Each structure stands twice: as C-alpha cells, then as structure tokens.
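# Fold and contact review
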Amino acid sequence: MGENRILCSVGLMSGTSMDGVDAAILYTNGEDIERHGPSLTLPYPESLRSDIKGAIDVASGLSAITDANEVINAVEADITDFHSEVVFEIEQMLGGGKGVIDLIGFHGHTVTHRPEKGWTWQIGNGGRLAGNTGIDVISDFRTNDMVNGGEGAPLVPLYHAALLRKSRKYNTIAILNIGGVANVTWVKLSNDGALEDIVAFDTGPGNAMLDDWMEAHTGTAMDVGGDTAATGLNHEEIIMGLMASPYFDEKPPKTLDRNDFHMQSARGLSLEDGAATLTSFIVESVVAAQSHFPSPPEVWYVCGGGRHNKTLMRRLRRHLPTLVDPVEVLGWRGDALEAEAFAFLAVRSAYNLPLSLPKTTGCGEAVSGGVFHKSKRRYASK
C-alpha cells in the first residue's frame, strides 16, 4: 500500500461472549496512533446468537449433526452480512462520505481454538465482506502465527503497548481483558515510553462460564453488575478443584478455548452460590497468573465486559496486591478496545509489520499475518 501513511481503519470484533459486534475507527500507520474515530456496538439478534452457539457446538464436536459444513457456511454468511451492516452504520457516523474508510480489520467469530493441534477457526468471509461494503478487508489474523509455531492468540498486546506509550503513569503495567476468556498483557516500558519487555497469555476463563450459568438458570446471559454473585457463597472445594488444572502451571505463552472450562463444575449449587463460585474462580485464575510475570506490575488496568461486573472488580481489588482500575482512567474506551486493536492490526498487516511476538503467542520469530481481500470499490479512494 506504499509508504506508511495514516489510514482510516475500522476494526470489527465479535467476541466469545456472543453478544454482538463491536466496531471502532482508528487513524494509524500501524505504529503511531494519530487519533480515534467513533465506535459502536450492535447486539446480535437472538436468532443469530443461537445459530452461532450451534456453530460452536458443531465446530467443537459437541453436536453430532451430519450436515456440519452446511450449518457452518450458513452461519458464516449471516455473520458476515451482519458485520456489513455494522460497517454501513459506522460509515454513516463518519458522515457517509465516499472513500472515508481505507481498510476493514475483520476478526470473525471464533468457533474453536485448539493450539495444541495447531489450528484455530474464525468464521467470517472476508471476500464477501469486501464485496458487500466496497472496502478492502484484512481477515484471518491468526493462521500465520500458528504456522510459525504460535498459539494464535492473544493478538491485542501490541496495541496495548502502542496505547501505553501515549498514556501511562507507571512503567510496569498489566492490562487484563475479561471477555469470554480472560487474558493479560504484561508490559515494561522505559522512562521514554520505549517497549523493553512484553508477555501475554490467557489467564483462564472469563465471563463465558458465568454467562452460561446465568443463561441456563435465569434466561439472562450475564450476571448484571455481579448482583447475583454478591448474594451467594463461595464453594472453595470447587474452586480448588478447578485451580488444580495443569493449565495454570504451564508457562506462557498459552491460550484457551471457550469450552476448556464449563459451568458444569458448579452443578448442584444454587443460582447465587454458583455465580459466586464461578466469579471467584475467575479471580483466583488471575491471581495465579502473577507467578508468570517477569516482575510484579505496579498497576492493573481492566478492559472487556468483566469490568462492568462490580462484584468481580471488587474481588480483584481485594486479592491483587496493587491498584486495580478500569482502562477508562487512562482515557481508553474499554468496550471498543478489541475492535480498535483489529483496526490497528489490519494496518500493520497491510504494511507487513509484525502482529505477534515470541513472548505474546510463542511464535518462533516476530511475524505478520492476515489475508488481504481487494474490494471492487463503490467509490474512488481518497
């Protein structure tokens, strides 16, 4: 795409919580962040959310359905078309002018992630999205990392580091993202903001187990504000049993699939006790993650949907030995952060810059990635 000029990129993220699509505009050359544009979230209709859950069951081998490819292909098309509508919506927020968006970073929706087998699967058709929108698309961000020996995740750490160069009060920082799965980026910066060291990995389950528990027992797919967990009792024997998983002793980089831990661990408990116990398990897994840091962080900043859970945040503050704050204290947009990251990574991919490092995913060397889909533009590029 020529020399590294600033591009207007939109990132699209459909997370493991399956609640909808986050979109965010970023103006960047893949290294420096010039400015942020608008962001939005469009919730999935319940029918599409149900279809995505079915696709995950098929892809994970939890469903014995015989026409699996037909099921996956149908859901992939519907997901892609929904993302197209999200792009049209955010394009209007920019004024709807011709050529205002240069590039789309399209993560797709993860239906299964098995790094131990050397593969990961995000459904979403980048070519179809480019055709629908008339905008060039970068998709399939994870495969090249795995081809080069990486875990394929997490990919957001380089964006965390880029943001921290602009807004920080400390040099050693942990960024905790609590989505369906929770992951952490540990960053050490020099006094002038240069990146000295970085480590990233999945700490353990995030909201997925708790969301599944709440949906199964109440029909509502989350513990709003952590109110249910706040009234329940922890069952320490269940937490200890879950923490006995060898995953927590494995050295990073390491990643999890959404279904590696599941709500059945709390089977037989009351609604409130189950919510309390699963919430405390999330906290204990984060606490255990500290043993894998090169040095203790001076501060924790929390992003992802989990930061809205007051009970979870209160327990994190009680069990972590230093300051714990939502990323908004840095002026960041916590609900848009992952979408922003894929806008950033799309531009890095277009300029063949690394998306992952040995200490973030376990790849053999710093590697780029992503697949480029050229659009038949509806309008001339600016």
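The preceding data block contains the structure.
The structure contained in this document is the topic of the report that follows. (Residues numbered from 1 in each chain as written. Predicted model: local features only at pLDDT ≥ 70, side-chain atom pairs only at ≥ 80, totals over all residues. Heavy atoms only, no water.)

Of regular secondary structure, the protein possesses 12 helices and 12 strands. Computed over the C-alpha atoms, the radius of gyration of the protein is 20 Å, within 12% of the 21 Å expected from 2.2 N^0.38 for a compact globule of 382 residues. Taken along its principal axes, the extent of the C-alpha atoms in the protein is 60 × 55 × 40 Å. For the protein, buried positions account for 57% of its 382 residues. In the protein, of all internal contacts separated by at least 6 residues, the share reaching a separation of at least 24 is 71%. Put simply, the protein shows about 15,200 Å² of open surface, and 49% of that area lies on carbon and sulfur atoms. (Helix = DSSP H or I, 4+ residues; strand = E, 2+ residues; numbered from the N terminus. Rg over C-alpha atoms; globule rule 2.2 N^0.38 Å. Buried < 20%, exposed > 50% of the residue type's maximum accessible area, 1.4 Å probe, protein only. Contact = heavy atoms within 4.5 Å. Areas by Shrake-Rupley, 256 points an atom, 1.4 Å probe, with all protein chains shown as cover.)

With that settled, the discussion passes to the nonpolar core. Of all hydrophobic cores here, the largest spans 42 residues; its most connected members are F141, Y159, L164 and W332. Those elements that provide at least two residues to this core are β1 (7-14), β2 (20-28), α5 (157-164), β7 (172-178), β8 (181-189), β10 (299-303) and α11 (337-350). Among the elements that take part in this core, α11 stands out by supplying 10 residues, more than any other. Discounting residues that sit within four places of it in the chain, F141 has contacts with G105, F106, H107, L155, F342, L345, A346, L355 and G370. (Core = buried A, V, L, I, M, F, W, Y, C linked by side-chain atoms within 4.5 Å.)

Time to look at the environment of G99. Relative to the helices and strands, G99 is located in the loop between α2 (68-93) and β4 (103-114). For G99, a relative accessible area of 2% translates into the label buried.

The subject of this paragraph is the packing of aromatic side chains. Scanning the entire structure with this criterion turns up 9 aromatic pairs. With 5.8 Å between their ring centres and 85° between their planes, Y247 and F248 make a pair best called edge-to-face. Overall, Y247 belongs to the buried group, its relative accessible area being 7%. Each member of the aromatic cluster is reached from another via a ring pair, and the members are Y247, F248, F261 and F281. The residue whose ring lies beneath K254 is Y247, and the NZ or CZ to ring-centre distance is 4.4 Å. (Phe/Tyr/Trp six-rings, centres within 6.5 Å; stacked < 30°, edge-to-face > 60°. Lys NZ or Arg CZ within 6 Å of the ring centre and 35° of its normal.)

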